[in-house]
Amino acid sequence: MSLPRARIVTLNAALGPLDYRVPDGMNVEPGSVVVAPLGPRQMLGVVWEADRLPSEEVGDNRLRPLAGMLDVRPIAAPLRRLCEWTADYYLAPLAAVLRMVLPSSAALDGPRQLTEYRPTGQIPDRLTPQRERALATLDGRQGTIRELADIAQVSDAVLRGLVNAGALEPVAVDADRLLACPNPDYAAPDLNDEQAAAAQSLSAAIGQGFDPVLLDGVTGSGKTEVYFEAIAECLRQGRQALVLLPEIALTEPFLKRFEARFGCAPVAWHSGLRSSERRRNWRGIASGEAKVTVGARSALFLPYRNLGLIVVDEAHEPTFKQEDGVQYHARDTAVMRGKFEDILVILSSATPAIESRHMVEIGRYREVTLAQRFAGAQLPSIRALDLTQDPPPRGRWLAPELVGELEANLAAGEQSLLFLNRRGFAPLTLCRHCGHRFQCPNCTAWMVEHRLTRRLACHHCGHVMPPPQACPECGEEDSLVACGPGVERIADEVAELLPEARTAIVTSDTIWSPQRAAEFVAAMDGGEIDIVIGTQLVTKGYHFPNLTLVGVVDADLGLAGGDLRAAERSFQQIQQVAGRAGRGDKPGRVLIQSHDPEAPVIAALVSGDAPGFYAAETEARKDAAMPPFGRLAAIVVSAEDASEAEAVARRIGHAAPEVDGMVVFGPAPAPLAMLRGRHRQRILVHARRSLDVQDVIRDWLAGVEWGSKTRVSVDVDPYSFL
């Protein structure tokens, strides 16, 4: 029975819920996607339960009628509850969350048809060699002209000639069809006893209700193969599965592993998709035709018709925290979606976050462990190189012992990896004559030199400029000098020391798409690369059996600054990159360069005492009442005018309520005091775990006014302190 009036959440974050009259004959229900008039415009919106959202009471006679309803399935109640929770917990407008559910306007247009072509069996009168090859190759195949041309390795014109000759005929097909469905029994894996027990535990939980599980396995233990079996059981039960990955670059290698197991690729969801792919994949997910989706964190909010499983791979990764817009953490939000959907959620990691470990300890999460590497492979040996005792020669960054190991690996025909989490050639460029340092004009950050592309770049706002011939401060020519190493500088050093080595630089500058990642993996598997020099992009997800040596160039880099997670993050990164070594039959070894090898992080890595390290870190967090034992929230004020940002921040600071169990620090300039041309002030809130800090902040900010040119954002559970 249709509602006489409907409460609508539009996709405009500046608007609250609005009431509309439902025209006769329009059958709407909660979740229906509708078109609502707003002044002279029309906006998309979603019908919501009136008792869940307050709105100004308006008489029926004053209500405007809805302009239309779209031919898509209503947004289901569990997803609406997730949107409400996300908006409430992360202090975001509900409309902004809803935009992630409906990210593709093209997907809402309704069914579309596409013209494809298939052979008719007719042989044309004029049969050129290209036409003959095309017909032989395309026997029984169907696709667009472009797809068939790629298959037959001929030009589009050859195929259009075959159409005109009657050898190919047009066929109207559904533009949104998905070509293949994964087969759970396509290539069942050969699991060892430990993996089989873990897989059985996870598979048995499919369809049994909400069950958050931490899948904790050492690097190379086969966690992916284990949770693949849970996906297989999900498919057997006719339900959908979602796998979240932390990096787009990991998508392509994952797709190949998935295809080898299930016979076809899953549906992908990430920012690199074309609009037509986003439309097709969104509609397949909403209809239930897309059985398995792999994607970035935004895939979490898609309208799955029959979701049965969520997997968060590399669940410890900080990239799962969205840093702008709706500042949600995909790991925690995935658990909440699992709760609303009443399904299994798997958090997979070789180095679980302290927050996840704590949830296991208090009984909120179940733990499944994999303690051994697969197929008898051994964990690599790890040693620290003390740079105070055995430093690199002046002007170099690789210690002599590490260089010797690289030479030995090259002679043995084995692959090596050098890890430095710093893109570009050098993090700072200055004038040796006057000391001028090149700083971004839009941010409080140094310009990073990238010699491969001959530019200076800001890694925060994207501002780029060519390196000048002369210092802009003193005018001295040829006086600019690069300070410190980035991966490009390490690559140059390797080229000088080992000119016969074939190298590859792997960063977000060189591997910016799934296709580039696939090319890199193919080159490694084909033995075309001897030494990889990479950033955190190579610390996870890759399996190269011939990679036996890992060198960590600067293990001290991640320990600088005041980030409460610095030690944990450094431990995770180095342990993850160490896990790339020795994953096949050959033993692996890891050398960690450090100026302080006795530091707790380095000592724990060398001794293999991960439990001891995490216990000490957890105890330190507990003593300081820091997450997960306390709560943090950052209020960031930004404006183009520095004095305006400071004035608003002071007003907010002065209005801070006196609340038992809550302390307010600041306001003070943010560590990145200017970002993208806007001056920034930060207030940090520290509260006890039991305090509903969101309600406190919501009421607090409601009592303060600021101008339209000033932005105030709240980051609940911040991961970045810049």
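Model, not experiment: these values are computed from the prediction.

Undergrad: Explain unusual backbone geometry here, please?
TA: Peptide bonds are, in most cases, trans, and in most cases residues other than glycine have a negative phi. In this model, Pro627 is joined to Pro628 through a cis peptide bond whose omega is 10 degrees. Structurally, the position occupied by Pro628 is in the loop between helix 17 (610–623) and strand 26 (630–639). A cis amide bond links Gly666 to the next residue, Pro667, at an omega of 15 degrees. Note that Pro667 resides in strand 27 (residues 662–675). For Glu314, which is not a glycine, the phi torsion comes out positive at approximately 50 degrees. Within the element layout of this structure, Glu314 appears in the loop between strand 12 (307–313) and helix 10 (330–341). On the basis of relative accessibility, which here comes to 10%, the residue Glu314 falls in the buried class. We note that Asp478 has phi near 50 degrees; this positive angle belongs to a residue other than glycine. With relative accessibility at 60%, the residue Asp478 sits in the exposed group.

Undergrad: What's the story with the sheet that holds strand 3 (residues 33–38) in this structure? I'm lost.
TA: By way of backbone hydrogen bonds, the strands of a sheet pair with one another, either parallel or antiparallel. Across the sheet, which stays open at both edges, the five strands sit in the order 2-1-4-3-5 with antiparallel pairing between neighbours. Edge positions in the open sheet fall to strand 2 (18–21) and strand 5 (68–69), since each of these has one partner strand only. On the sheet, helix 2 (residues 94–101) packs against strand 1 (5–10) and strand 4 (41–48) and is oriented at approximately 80 degrees with respect to strand 1.

Undergrad: Whenever I open this one, the sheet that holds strand 13 (residues 344–349) confuses me. Can you help?
TA: Across the sheet, seven strands lie side by side as 10-11-9-12-13-8-14; this open sheet has parallel pairing. Of all strands in the sheet, those with a lone pairing partner are strand 10 (267–269) and strand 14 (366–370), marking the two edges. Between one strand axis and the next, the sheet turns through 20 degrees on average, direction left out of account. Strands strand 9 (240–244), strand 10 and strand 11 (292–295) of the sheet are contacted by helix 9 (residues 275–287), whose axis makes an angle of about 115 degrees with strand 10.

About the thresholds
Residues numbered from 1 in each chain as written. Predicted model: local features only at pLDDT ≥ 70, side-chain atom pairs only at ≥ 80, totals over all residues. Heavy atoms only, no water. Helix = DSSP H or I, 4+ residues; strand = E, 2+ residues; numbered from the N terminus. Buried < 20%, exposed > 50% of the residue type's maximum accessible area, 1.4 Å probe, protein only. Pairing = 2+ DSSP bridges. Contact = heavy atoms within 4.5 Å. Axes fitted to C-alpha atoms, helices over the stretch in contact; angles between N-to-C directions.

Don't take any of this as a statement about function, it's just geometry.
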